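Each chain, written out:
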Amino acid sequence: MAQNHIDKTITEIKAKLDALLTEYLSIDSQIEAGMHNDPEFFGSYKYYQFQAKKTELGTAHTKLTNALVALETYLK
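Report on the accompanying structure.

Rules used throughout
- Residues numbered from 1 in each chain as written.
- Predicted model: local features only at pLDDT ≥ 70, side-chain atom pairs only at ≥ 80, totals over all residues.
- Heavy atoms only, no water.
- Core = buried A, V, L, I, M, F, W, Y, C linked by side-chain atoms within 4.5 Å.
- Buried < 20%, exposed > 50% of the residue type's maximum accessible area, 1.4 Å probe, protein only.
- Helix = DSSP H or I, 4+ residues; strand = E, 2+ residues; numbered from the N terminus.
- Contact = heavy atoms within 4.5 Å.
- Expected span 1.5 Å × (residues − 1).
- Phe/Tyr/Trp six-rings, centres within 6.5 Å; stacked < 30°, edge-to-face > 60°.

1. Side note on the nonpolar core
- The biggest cluster of nonpolar side chains holds seven residues, and these are Leu20, Ile27, Ile31, Phe41, Tyr47, Phe50 and Leu57.
- Among the elements of the structure, helix H1 (2-37) and helix H2 (45-74) are those that each provide at least two residues to this core.
- Apart from the residues within four sequence positions on either side, Tyr47 is in contact with Ile31, Met35, Phe41 and Phe42.
- Membership of the second largest hydrophobic core comes to six residues, among which are Ile6, Ile13, Leu17 and Leu71.

In C-alpha cells form, the structure reads like this:
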C-alpha cells in the first residue's frame with residue numbers, strides 16, 4: 001500500500017516537473033519574441049514580469065527535483 005502511494009507521488013511530481021518546464025520554455029519563447037519584435041521590450045514591465053515568473057518556476061522545479069531524487073533514492 002505504501003509503495004503504491006510513493007509511486008503515485010513520484011508520477012505526480014514528474015508530471016508537475018513537465019508542466020513547469022513547458023511553462024518555463026513558453027515564457028522563454030515569449031521573451032525571445034518580445035525582444036525580436038519590440039525594441040523597447042527589454043527593460044519593460046512585461047519583460048521583468050516574465051523574468052520573475054521564470055525565477056519562480058526555476059525555484060519550484062529545483063525543489064520538486066530534489067524531492068523526486070529523495071523519494072527515488074530512499075523510498076524505492
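After presenting the structure, the write-up continues.
2. Let's talk about H2
- End to end, H2 covers 44 Å across 30 residues, agreeing with the expected 44 Å (1.5 Å per residue, within 8%).
- Those residues of H2 that fall on the buried side of the exposure criterion are Tyr47, Phe50, Lys54, Leu57, Leu68 and Leu71.
- Those residues of H2 that are buried are in contact with H1.

3. Some details on the packing of aromatic side chains
- The final tally for this structure, using the stated rule, is four aromatic pairs.
- With a centroid separation of 5.8 Å and 90° between ring planes, the pair formed by Phe41 and Tyr47 is classed as edge-to-face. For the pair formed by Phe41 and Tyr47, the shared burial category is buried.
- Each member of the aromatic cluster is reached from another via a ring pair, and the members are Phe41, Phe42, Tyr47, Tyr48 and Phe50.

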